[in-house]
Amino acid sequence: MTNEDPASLAGLAYFIRTFGCQMNESDSEHMAGVLAQAGARPADAAESCDILIVNTCAVREKSEEKLYSFLGRLAALKKKRPGLIIGVAGCVAELRRDELFGRKPGPDFLVGPDRYQDLARIVARASLARALETGRDDVWHEFGPSAIVRESPVSAYVTIMEGCDNFCAYCVVPFARGREKYRPLPNIIREVEDLAQRGYLEVQLLGQNVNSYRDSETGISFAALLRTVAAVEGPSWLRFITSHPKDFSDDIIDAMAASPKICRALHLPLQSGSTAVLERMNRRYSREHYLGLVGLLRKALSDLSLSTDILVGFPGETEEDHRLTLDILREIRFANIFSFRYSPRPQTAAAKLADDVPAEVKAHRLIEVQALQKSIQLELHRSFVGRTLTVLVLGASQKGGCLLAGRSEGGQVVNFVPAVEGIGRFAQVRITSVGPYSLRGEEVRQA
Ligand code: 5AD
Ligand code: SF4
């Protein structure tokens, strides 16, 4: 395959629709890069493209449902424009290969995460006959630095590892993304240096389990990687997602404390406040361990902003387990949470258990979690009123007007009246009013 001439997609317009996490967003940027290198250009909308790729996540049932309804609409589009090439990428392509490929009318090609480098050739072939390009392997696939079309000129994703070896009982990721693979350290550093040269102000290191990173050549750990990346001159803010609480070692805390460039913000998925549930989920930490870790982190890193994932309604979850989750939310007071209703996923250990928490109970528990968190966030946000925060200016605000939007070091969305124009800079913003999900303020004019 690699010996073939590169495929030419000159003159064709592509459109990539992404569902899912940052990892998927980053994958879409890589796919766009491969298509652009083959001569294709981005289309403004799905209606005006020649190549349409749906990049989907399989983690939750809901994302898959979104894909199927999207594919339904695409069928109509294809009827109108028979030349349109439709592909499905990502975890779902890997996981639901046979089902998707068997659909009529189905996508013209399926491409799994380990095949993205060959995307241009796959698209060229799919214009002649349907193509199935899935399957995992255990080698790291490197993209050239130019093979990325980044959505943001300000904040960049840098993938450091892929896959997961943890097998949490509810989670499909180890089956969809395969076992852990680590990107060689020199490649990571080269990409960060390249971003520095292009003026990026923030780098977000990505992986399903960033803190189990090991450089295969040197054995260098995630903490050492953090120190090395933080030493690259240029990007002022460094973040990393996602960390597993069981692997969050003291040396990572030390590396964070040693560098002011590493944002005082951490996403640390908890899932449940009940040790019994955590055990059945195979998370391999207890409620006490998690609380102890939060204590250590907060002691070492003042003003640390913590966010988490909460999963309600796991098989066997009792009212008492649920109460323990609400209690721990009150105790920790996260800056932000992502909360989900459990749904069984194919191949996972939990799929063999009875999904015994009734749908209405799951719904009620989710509402309780979200209502509690909303009130906590509102209180936390109120404490920001009158304070001036450093904000990385990312773009126009969704609130409209002349407002700009950015993110604080703690990860809060800040909409503000600018004192000067332009994005891709740091602004000092005095917070004037708040809601549970964002802050509002005015840029302080610099002397
Ligand atoms: N059902 C519901 N939510 C899930 N998640 C993972 N698997 C499932 C599932 N089967 C959630 C977890 C995880 C986040 C990315 O998605 O909270 O941290
Ligand atoms: Fe899924 Fe658990 Fe791996 Fe996270 S650590 S990707 S929840 S199996």
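Reading the values: rules and limits
Residues numbered from 1 in each chain as written. Chains lettered and ligands numbered in written order. Predicted model: local features only at pLDDT ≥ 70, side-chain atom pairs only at ≥ 80, totals over all residues. Heavy atoms only, no water. Helix = DSSP H or I, 4+ residues; strand = E, 2+ residues; numbered from the N terminus. Rg over C-alpha atoms; globule rule 2.2 N^0.38 Å. Buried < 20%, exposed > 50% of the residue type's maximum accessible area, 1.4 Å probe, protein only. Contact = heavy atoms within 4.5 Å. Areas by Shrake-Rupley, 256 points an atom, 1.4 Å probe, with all protein chains shown as cover. Lys, Arg positive; Asp, Glu negative; His and termini not counted. Charge placed at Lys NZ, Arg CZ, Asp CG, Glu CD. Axes fitted to C-alpha atoms, helices over the stretch in contact; angles between N-to-C directions. Parallel < 35°, antiparallel > 145°, perpendicular 65-115°, else oblique. Near = heavy atom within 4 Å. Polar contact = N/O pair within 3.5 Å; in protein donor to acceptor, adjacent residues only side chain to side chain. Nonpolar A, V, L, I, M, F, W, Y, C, P; charged D, E, K, R; others polar. Pairing = 2+ DSSP bridges. Salt bridge = Lys/Arg side-chain N within 4 Å of Asp/Glu carboxyl O. Phe/Tyr/Trp six-rings, centres within 6.5 Å; stacked < 30°, edge-to-face > 60°.

Chemist: Just give me the short version of the overall build of the protein, but keep the residues and values in it.
Modeler: If you tally the helices and strands in the protein, you get 13 helices and 19 strands. Against the compact-globule benchmark of 22 Å for 447 residues, the protein has a radius of gyration of 22 Å, which places it among compact chains. Considered along the principal axes of its C-alpha atoms, the protein spans approximately 60 × 60 × 50 Å. Within the span of the protein, comprising 447 residues, buried residues form 54% of the whole. Excluding contacts between residues fewer than 6 apart, the proportion of contacts in the protein whose partners are at least 24 apart in sequence is 72%. Split by element, the accessible area of the protein, about 19500 Å² in all, is 52% carbon and sulfur. When the 55 positive and 55 negative side-chain charges of the protein are each reduced to one mean point, those points stand 4 Å apart.

Chemist: Summarise the packing of helix H1 (residues 22–37) against helix H5 (residues 119–126); cite the residues concerned and give the values.
Modeler: Closest axis-to-axis distance for the H1/H5 pair is 8 Å, and the angle between their directions is 70°. Here H5 runs roughly perpendicular to H1, going by the angle between their axes. Judged by residue contacts, Met31, Val34 and Leu35 of H1 engage Leu119, Ala120 and Val123 from H5.

Chemist: Account for the site of ligand 1, naming residues and giving values.
Modeler: In the neighbourhood of ligand 1, the contacting residues comprise Val59, Arg60, Tyr170, Gln271, Asp309, Leu311, Phe340, Arg341, Tyr342, Ser343 and Arg345. Arg60 is positioned such that a nitrogen or oxygen atom in its side chain is 2.6 Å from an oxygen atom of ligand 1. At a separation of 2.7 Å, an oxygen atom of ligand 1 approaches a polar side-chain atom of Gln271. Protein burial of ligand 1: of its 400 Å² of free accessible surface, 87% is covered by the chains. Only strand E13 (305–312) and strand E14 (336–341) provide two or more residues apiece to the shell around ligand 1. Partitioned by chemical class, the residues of the shell around ligand 1 number 5 nonpolar, 2 polar and 4 charged.

Chemist: Before we move on, can you summarise the site of ligand 2 with the specific residues and values?
Modeler: The environment of ligand 2 is formed by Cys164, Asn166, Phe167, Cys168, Tyr170, Cys171, Val173, Pro174, Asn209, His244 and Arg283. Looking at side-chain class alone, the shell around ligand 2 contains 7 nonpolar, 3 polar and 1 charged residues.

Chemist: Got a sec to walk through the sheet that holds strand E12 (residues 265–267)? Specific residues and values, please.
Modeler: Read across the sheet, 3 strands follow the order E12-E13-E14 without closing on themselves; strand pairing throughout is parallel. Only two strands of the sheet have a single partner each, and these edge strands are E12 and E14. Along the sheet, successive strands turn relative to each other by an average axial angle of 10°, direction set aside. In this structure, E13 lies alongside E14, joined through 6 bridges in parallel fashion. Each residue of the ladder has a partner; that of Val312, found in E14, is Arg341.

Chemist: I'd like a rundown of the environment of Glu331, residues and numbers included.
Modeler: Looking at where Glu331 falls in the secondary structure, it is placed in helix H12 (residues 319–332). With 40 residues separating them in the primary sequence, Glu331 and Leu291 have C-alpha atoms 9.0 Å apart. Setting aside residues up to four positions removed in sequence, Glu331 forms contacts with Arg287 and Leu291.

Chemist: Please set out the pattern of salt bridges residue by residue, giving values where relevant.
Modeler: One pass over the structure, following the stated rule, counts 30 salt bridges. A salt bridge links Arg125 to Glu133, with the nearest nitrogen and oxygen atoms 3.1 Å apart. Classification of Arg125 as partly exposed rests on a relative accessible area of 35%. The class of Glu133 is buried, set by a relative accessible area of 15%. Between Arg150 and Glu191 there is a salt bridge; the shortest N-O distance is 2.6 Å. Of the two residues, Arg150 is situated in the loop between strand E6 (131–133) and strand E7 (155–159) and Glu191 in helix H7 (residues 185–197); the sequence distance between them amounts to 41 residues.

Chemist: Give a detailed account of the sheet that holds strand E3 (residues 51–56), specifying residues and quantitative values.
Modeler: With parallel pairing, 6 strands are arranged side by side in an open sheet as E2-E1-E3-E4-E5-E6. With one partner strand each, in any of the chains shown, strand E2 (41–42) and E6 form the two edges of the open sheet. In this structure, strand E4 (residues 85–90) lies alongside strand E5 (residues 109–111), joined through 3 bridges in parallel fashion. Across the sheet, residue Ala89 finds its bridge partner in E5, namely Val111. With respect to the sheet, H5 is in contact with E3, E4, E5 and E6, its orientation differing from that of E5 by roughly 165°.

Chemist: A description of the packing of aromatic side chains should follow, citing residues and the corresponding values.
Modeler: As enumerated under the stated definition, the model contains 9 aromatic pairs in all. An angle of 85° between the planes, with centres 5.9 Å apart, marks the rings of Phe19 and Phe70 as edge-to-face. With Phe19 in the loop between strand E1 (13–18) and H1 and Phe70 in helix H2 (residues 61–80), this residue pair connects regions lying 51 residues apart in the sequence. Exposure class is identical for Phe19 and Phe70. Each is buried. Look at Phe314 and Tyr342: their rings are 5.4 Å apart centre to centre, the planes differ by 70°, and that puts the pair in the edge-to-face class. Here the residue Phe314 occupies a position in the loop between E13 and H12, and Tyr342 occupies one in the loop between E14 and helix H13 (359–382), the gap between them amounting to 28 residues. When its relative accessible area of 3% is taken as the criterion, Tyr342 is described as buried. Each member of the aromatic cluster is reached from another via a ring pair, and the members are Tyr170, Phe314 and Tyr342.

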